[in-house]
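A look at the structure
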Amino acid sequence: MLITLSSKSQLPYTPSSENLKAREWFQDAKFGMFIHWGVYSVLGDGEWVMNNQRIDKQTYQKLPAFFNPVSFDPKEWVALAKAAGMKYITITSKHHDGFAMWDSKLTDWDIVDRTPYKKDALKMLADECKKEGIKLCFYHSHLDWYQENYFPRGNTGQTTGRPDSGDWYKYLDYMDGQLRELLTGYGEIGAIWFDGHWDKKDSDWRLGTTYNMIHSLQPACLVGNNHHLAPFPGEDFQMFEKDLPGQKTTGFNTEQKVGELPFETCETMNNSWGFNLQDKNYKSTKTLIQYLVKAAGYNSNFLLNVGPMPDGRIQPEFITTLNELGKWMEKFGETVYGTRGGPVTPRSWGVTTRKGTRVFVHILNPEDNNLLIPDFGKKVKSVSVFDTGAKLKFKQDAFGIAVSVPAEILDETDTVLVIET
Ligand code: FHN
């Protein structure tokens, strides 16, 4: 009899103490770099190019020969992440095209066996991250447009020319085997960030087995899954794609429920995840800082994406913005790192974060010279401007705190006040 252990996903999950500690670290870290990089970058048309251009497997297999990222320098990537104020990196180990960006022993559909580059990019990055104290996490696609055993197929990847047969549980064994490689050969892994479950969400994904394996290999490794639903047992954080927790602006997450786990929201710097030559819709530094601050106000991390070019470099437009973000974080990071959201829920004018006895008020969209902050049950000792220390006049009563915010202190991006309680 075939026992799939799928029922394990229904078992209650008790995270280990290492895992709980890692969740705290994660929430304190607040800001990470997302990296979508694979052979698709050669075509400069995003990571969905195989599906979108209806490229069959035979044809797609020509791509790795053009992928020779001789300018890939993990030192530069990690230094850039650090300069931007990011504390972890989440890189695509495998995206939906199934191509492994490490030297997998379970397939030759990988960077070492198929590209002229022949080097294990993930190992190079893992070594540099370790040296520089940046946590490395892997984005890993459940969905696979290349493997024949990914069958019955889901909603996507119908035109990649695979036979109409395959052994689903063999595919899951393969996926678990690849994850085992990543969790045993690349040092401490901060998180596995799953994606693609939505392609066939009613299938038996045997998530319980996979999650148990991850936690037994590395108890502190956080498991997150971008399935756009409520968290499943065995998950350690919940992600929201291009949306703040609870918001439903993208259409992916209409069924998503906000759970109790640490949160993360991810966003692109233009409109693409993988390198897209023609996408010039660059978000401004202000927009991205405000997104980061809002995320913190919603008690969420922010994972900001770059899609490196096929030669291994990150495009200059992204570098400029990331450095600007880093400058802002140097000055205001204290009001973001190590904080938790609230105590006042997000408002039309901005958000609040808190740390110890201090509440940081982030005015992102000034509405009035008198800021009315609803009561949050603490006696206020003082209100001051974060960067200058200047004290502001305020009045506290049963309804809340009214703070006088002179026009001259307003900052276009974020005016940060500190409430001492
Ligand atoms: O299909 C992917 C997409 O390519 C990208 O990886 C994003 C990142 O959140 N997630 C999926 C769509 O939900």
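Scroll up to find the structure this text is about.
Nothing here was measured: the structure is a model prediction, and the numbers come from that model.

Notes on the overall build of the protein chain
A count of helical and extended segments in the protein chain gives ten helices and 16 strands. Whereas a compact globule of 421 residues would reach a radius of gyration of roughly 22 Å, the protein chain reaches 23 Å, a difference of no more than 12%. Counting only C-alpha atoms, the protein chain reaches 70 × 50 × 40 Å along its principal axes. Expressed as a percentage of its 421 residues, the buried residues of the protein chain come to 57%. Of the roughly 17400 Å² of accessible surface on the protein chain, a fraction of 52% belongs to carbon and sulfur atoms. Taken together, the 47 basic and 53 acidic charged side chains of the protein chain have centroids lying 3 Å from each other.

Thoughts on the site of the ligand
What surrounds the ligand is a group of 15 residues, the closest being His36, Glu47, His96, Asp195 and Glu241. Here His95 contributes a side-chain N or O atom positioned 2.9 Å from an oxygen atom of the ligand. Contact distances for the ligand include 2.5 Å between an oxygen atom and a side-chain N or O atom of Glu241. Protein coverage of the free-state accessible area of the ligand, which is 340 Å², stands at 95%. Here the residues of the shell around the ligand are counted per class, giving seven nonpolar, five polar and three charged.

Some remarks on the sheet that holds strand β2 (residues 88-94)
Hydrogen bonding along the main chain pairs the strands of a sheet, whether they run parallel or antiparallel. With respect to topology, eight strands assemble into an open sheet ordered β5-β4-β3-β2-β1-β8-β7-β6, the strand pairing being parallel. Only two strands of the sheet have a single neighbouring strand rather than two, namely β5 (222-225) and β6 (238-241). Strand-to-strand twist in this sheet, taken as the mean axis angle between neighbours without regard to direction, amounts to 25 degrees. By the bridge criterion, four bridges tie strand β1 (residues 31-35) to β2 in an arrangement that is parallel. Within β2, the position partnered with Met33 by the bridge is Ile89. On top of the sheet, helix α6 (residues 121-132) reaches β2 and β3 (135-141); it is set at about 165 degrees to β2, its chief contact. In the packing of helix α9 (residues 285-297) onto the sheet, the strands contacted are β1, β7 (263-268) and β8 (300-306), and the crossing angle to β8 comes to about 150 degrees.

Side note on the pairing of strand β4 (residues 189-195)
Burial analysis of β4 places seven of its seven residues in the buried class, the great majority of the element. As paired strands, β3 and β4 are joined by five bridges and run parallel to one another. Residue pairing for β4: His140 is matched across the bridge by Phe194. Looking at chain direction, β4 and β5 are connected through four bridges and run parallel. In the sheet register, Phe194 faces β5, and the bridge partner there is Asn225.

Digging into the packing of α9 against helix α10 (residues 316-332)
Helix packing for two helices is described by the angle between their axes and how far apart those axes are. Relative to each other, α9 and α10 sit at 50 degrees, their axes nearing to 10 Å. Considering their axes alone, α9 and α10 lie oblique with respect to each other. Crossing of α9 against α10: the hand is right-handed. Listed contacts from α10 to Thr285, Leu288, Ile289, Leu292 and Val293 of α9 are Thr321, Glu324, Leu325, Trp328 and Met329. Of the residues contributing to the contact of α9 with α10, the split by class is seven nonpolar, two polar and one charged.

Focus on the side chain of His95
Counting through the fold element by element, His95 comes out in the loop between β2 and α5 (111-114). Residue His95 is classed as buried on the basis of its relative accessible area, which comes to 4%. Within the structure, His95 has its side chain in polar contact with the side chain of Tyr139 (distance 3.0 Å). Not counting the four nearest positions on each side in its chain, His95 is found in contact with His36, Tyr40, Glu47, Trp48, Tyr139, Ser141 and Leu143.

A closer look at the environment of Leu417
By the secondary structure assignment, Leu417 is in strand β16 (residues 415-420). Distance in space between the C-alpha atoms of Leu417 and Gly389 is 8.9 Å, their sequence separation being 28 residues.

Regarding the nonpolar core
Grouped together as the largest cluster of nonpolar side chains are 87 residues, with contacts concentrated most on Ile89 and Leu322. Top contributing element to this core by residue count: helix α7 (residues 168-185), with eight residues. Apart from residues no more than four positions distant in its own chain, Ile89 is found in contact with Met33, Ile35, Val78, Ala81, Leu125, Cys129, Ile134, Lys135, Leu136 and Cys137. Membership of the second largest hydrophobic core comes to 17 residues, among which are Trp349, Val359, Phe376 and Val380.

So, how was this worked out
Residues numbered from 1 in each chain as written. Predicted model: local features only at pLDDT ≥ 70, side-chain atom pairs only at ≥ 80, totals over all residues. Heavy atoms only, no water. Helix = DSSP H or I, 4+ residues; strand = E, 2+ residues; numbered from the N terminus. Rg over C-alpha atoms; globule rule 2.2 N^0.38 Å. Buried < 20%, exposed > 50% of the residue type's maximum accessible area, 1.4 Å probe, protein only. Areas by Shrake-Rupley, 256 points an atom, 1.4 Å probe, with all protein chains shown as cover. Lys, Arg positive; Asp, Glu negative; His and termini not counted. Charge placed at Lys NZ, Arg CZ, Asp CG, Glu CD. Near = heavy atom within 4 Å. Polar contact = N/O pair within 3.5 Å; in protein donor to acceptor, adjacent residues only side chain to side chain. Nonpolar A, V, L, I, M, F, W, Y, C, P; charged D, E, K, R; others polar. Pairing = 2+ DSSP bridges. Axes fitted to C-alpha atoms, helices over the stretch in contact; angles between N-to-C directions. Contact = heavy atoms within 4.5 Å. Parallel < 35°, antiparallel > 145°, perpendicular 65-115°, else oblique. Left-handed = near helix turned anticlockwise from the far one by under 90°. Core = buried A, V, L, I, M, F, W, Y, C linked by side-chain atoms within 4.5 Å.

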